[in-house]
Amino acid sequence: MTNHCPHMGLSLLMALGMMLTAPEVTHASHATAPAAVQPHENSATNSLREDVAKNWNFPRGLAGSKYVRVRVHLKLNRSGEIVAEPKVTVTGGPKATQQAMAAAAMRAVLRAAPFKNLPIDQYDTWKEVSLNFAPAL
């Protein structure tokens, strides 16, 4: 089952509480992390991942949380600001746990934005990214 949450209001998500695990960053053009990451891509995505990971928290003990995976797809401008409503996709686990983890992922992303320290000369490598969230097991 896949649950798309394109209409989650940013203000509502920002108002909710939070907790999480280090997200994985993939480029929009890849379904999974590329096998060979270029050094400039690695530094840009590592910076973005670290910024979001500092804010990733979700309530421990949620039923079925180990089965839930959240992906947040972002479009960024050259200043590292989110320029469109992030697309959230959730799979696995119970619906209530999916909703709690999707909200936690969005909070982490919104609190980390705008993303600084991204190499402007490599904008094409980070203008669209997908962040993959999963609980620490």
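This is a predicted model, so every value here is computed, not measured.

A.B. asks: Help me understand the pairing of strand β3 (residues 69-75), please; the structure alone is not making it clear to me.
C.D. replies: On any regular strand, side chains alternate: one points to one face of the sheet, the next to the other face. Two elements, β3 and strand β4 (residues 87-91), share five bridges in a ladder whose sense is antiparallel. Bridge assignment links H73 to a residue of β4, and that residue is K87. Pairing between β3 and strand β5 (residues 128-133): six bridges, direction antiparallel. Bridged to H73 within β5 is S130.

A.B. asks: What is the right way to read the packing of aromatic side chains from this model?
C.D. replies: Where two aromatic rings form a pair, the distance of their centres and the angle of their planes describe that pair. Scanning the entire structure with this criterion turns up three aromatic pairs. Arranged with centres 4.7 Å apart and planes meeting at 55°, the rings of W56 and F133 form a pair that is tilted. With a gap of 77 residues between them, W56 in the loop between α2 (39-53) and β3 and F133 in strand β5 connect regions that are remote in the sequence. Each member of the pair W56 and F133 is classed as buried. Taking the centre distance of 5.0 Å and the plane angle of 85° together, the rings of Y123 and W126 count as edge-to-face. On the criterion of helical spacing, the pair formed by Y123 and W126 is a turn pair, its members being three residues apart in helix α4 (residues 123-126). Members of the aromatic cluster, joined through ring pairs, are W56, F58 and F133. Its end group placed over the ring of F58, R60 keeps NZ or CZ at 4.7 Å from the ring centre.

A.B. asks: In this structure, what is going on with the nonpolar core? I would like to understand it.
C.D. replies: Across soluble globular proteins, nonpolar side chains have a tendency to be buried as a group. With 28 residues, the main nonpolar core has V52, V70, V72, F115 and F133 as its most contacted residues. Counting residues per element, the ones that place at least two in this core are α2, β3, β4, α3 (95-112), α4 and β5. If one sorts the elements of this core by residue count, α3 sits on top with nine residues.

Conventions we followed
- Residues numbered from 1 in each chain as written.
- Predicted model: local features only at pLDDT ≥ 70, side-chain atom pairs only at ≥ 80, totals over all residues.
- Heavy atoms only, no water.
- Pairing = 2+ DSSP bridges.
- Helix = DSSP H or I, 4+ residues; strand = E, 2+ residues; numbered from the N terminus.
- Phe/Tyr/Trp six-rings, centres within 6.5 Å; stacked < 30°, edge-to-face > 60°.
- Buried < 20%, exposed > 50% of the residue type's maximum accessible area, 1.4 Å probe, protein only.
- Lys NZ or Arg CZ within 6 Å of the ring centre and 35° of its normal.
- Core = buried A, V, L, I, M, F, W, Y, C linked by side-chain atoms within 4.5 Å.

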